[in-house]
Amino acid sequence: AVQASPHLIDAPFPCTMGTLGAKCCAPMIETEADDENGKFGFGLLDVRPALHDSTLEPTASQTSSADSQMAVRSVSPQASEKARLRERVAEFLRKCSNEGNPVTFLWPLAKALDPVRMIPAVLYIENDISALVIKSQDVLGDCLLRDIQDIVDLKRDGRDGFPDKILNSITSEDQDKLLRILHTLPGGGEKSLYFLEADAESKDLFFESLRVLCAYAQSKASES
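Nothing here was measured: the structure is a model prediction, and the numbers come from that model.

Cut-off values and rules
Residues numbered from 1 in each chain as written. Predicted model: local features only at pLDDT ≥ 70, side-chain atom pairs only at ≥ 80, totals over all residues. Heavy atoms only, no water. Helix = DSSP H or I, 4+ residues; strand = E, 2+ residues; numbered from the N terminus. Expected span 1.5 Å × (residues − 1). Buried < 20%, exposed > 50% of the residue type's maximum accessible area, 1.4 Å probe, protein only. Contact = heavy atoms within 4.5 Å. Pairing = 2+ DSSP bridges. Axes fitted to C-alpha atoms, helices over the stretch in contact; angles between N-to-C directions. Parallel < 35°, antiparallel > 145°, perpendicular 65-115°, else oblique. Nonpolar A, V, L, I, M, F, W, Y, C, P; charged D, E, K, R; others polar. Salt bridge = Lys/Arg side-chain N within 4 Å of Asp/Glu carboxyl O.

**Describing helix H2 (residues 77-96)**
For an α-helix the count is 3.6 residues per turn, leaving residues at separations of three or four pointing the same way.
Thought 1: Taking 1.5 Å of rise per residue, 20 residues should cover 28 Å, and H2 covers 29 Å from first to last C-alpha, within 8% of that figure.
Thought 2: All buried positions along H2 are accounted for by Lys82, Leu85, Arg86, Arg88, Val89, Ala90, Phe92, Leu93 and Cys96.
Thought 3: Where H2 is buried, its residues touch strand S3 (101-108), strand S4 (116-125) and helix H5 (200-223).
Thought 4: Once H2 finishes, Asn98 follows within two positions and takes phi at roughly 55 degrees, a positive value.

Rendered as structure tokens:
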């Protein structure tokens with residue numbers, strides 16, 4: 001399940017959606033981790049228009065050798081973590097745009113004795129960072145990011161977050177790649193999406209990045 005995080009994200013993610021014809025939509029997110037009501041551990045968010053990468057370029061006074069060395073020495077661990085997280089989310093958005101992020105969708109059929117269908121699919125994040133879509137020839141699953149209630153990782157959270165039917169359908173090698181997304185439905189109720197990432201590294205990137213994007217989407221929804 002999504003764990004609370006002390007991270008603050010206060011600089012823009014590079015826009016990765018331009019090749020799809022969308023306007024720059026990279027969010028600037030600043031979070032406070034003390035709000036106990038924040039579902040994704042990011043608390044209150046101040047969402048402001050994104051700045052293009054050029055706004056991060058140093059001024060002439062910042063490019064001197066002495067200034068650069070001082071800046072490096074003064075970088076705090078928290079600032080380093082912010083930069084790392086920004087890069088992770090930007091990498092995730094690049095993977096989920098254009099050709100999409102390849103996954104294996106797990107479809108537990110209704111009848112108890114029916115096997116789980118394992119379908120090669122592609123996961124996309126919509127250009128406006130509002131929704132997640134998993135597609136093969138048809139849409140297999142989709143949801144608004146603001147409606148995601150939990151992101152469950154088998155290796156982090158244990159077997160209790162998954163039905164036996166799903167667990168029995170995968171190999172031991174797949175256990176480190178399994179994720180579950182729990183989201184609400186427009187008409188009420190909840191639904192789960194189960195899928196395997198390509199590898200453990202891709203799964204960790206998804207888990208870490210999607211919780212940031214969910215917090216962003218929920219903050220936008222609360223403002224409207």
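**Some words on the pairing of strand S8 (residues 178-184)**
Thought 1: For S8, a buried count of 6 out of 7 residues is recorded, marking the element as mostly surrounded by other parts of the structure.
Thought 2: In this structure, strand S7 (residues 148-153) lies alongside S8, joined through 5 bridges in antiparallel fashion. Following the sheet pairing, Val152 is matched in S8 by Arg180.
Thought 3: Counted between consecutive antiparallel strands, the loop separating S8 from strand S9 (residues 190-196) contains 5 residues, among which Gly188 sits at a positive phi close to 105 degrees.

**Regarding the packing of H2 against H5**
Thought 1: Their axes nearest at 9 Å, the elements H2 and H5 cross at an angle of 105 degrees. The angle between the axes of H2 and H5 places the two elements in the roughly perpendicular class. Along its contact with H2, which presents Arg84, Leu85, Arg88, Val89, Glu91, Phe92, Leu93 and Lys95, the element H5 presents Ser202, Asp204, Leu205, Phe206, Glu208, Ser209, Val212 and Leu213.
Thought 2: Each residue belonging to the contact of H2 with H5 can be placed in one class, and the counts come to 8 nonpolar, 2 polar and 6 charged.

**Re the sheet that holds S4**
Thought 1: Across the sheet, 7 strands lie side by side as S6-S5-S4-S3-S9-S8-S7; this open sheet has antiparallel pairing. In this open sheet, the two edge strands, each paired with only one partner strand, are strand S6 (139-144) and S7. Geometrically, the sheet is characterised by an average inter-axis angle of 30 degrees between neighbouring strands, direction not taken into account.
Thought 2: Relative to S6, strand S5 (residues 131-135) runs antiparallel, the two sharing 5 bridges.

**Remarks on the pattern of salt bridges**
Thought 1: A full pass over the atoms with the stated rule returns 9 salt bridges.
Thought 2: Between Glu81 and Arg84 there is a salt bridge, and its shortest N-O distance comes to 2.7 Å. Placement of both Glu81 and Arg84 in helix H2 is noted, with a separation of 3 residues, approximately one turn of the helix.
Thought 3: Residue Asp204 pairs with Arg156 through a salt bridge whose shortest N-O separation is 3.4 Å. Residue Asp204 is located in helix H5, and its partner Arg156 is located in helix H3 (residues 154-157); the two are separated by 48 residues in the primary sequence.
Thought 4: On the basis of relative accessible area, Asp204 is assigned to the partly exposed category, the value being 27%.
Thought 5: Since its relative accessible area comes to 41%, Arg156 is described here as partly exposed.
Thought 6: In the salt-bridge network here, residues are joined through shared partners; they are Asp153, Arg156, Asp176, Lys203 and Asp204.

By themselves, these figures tell us nothing about what the structure is for.
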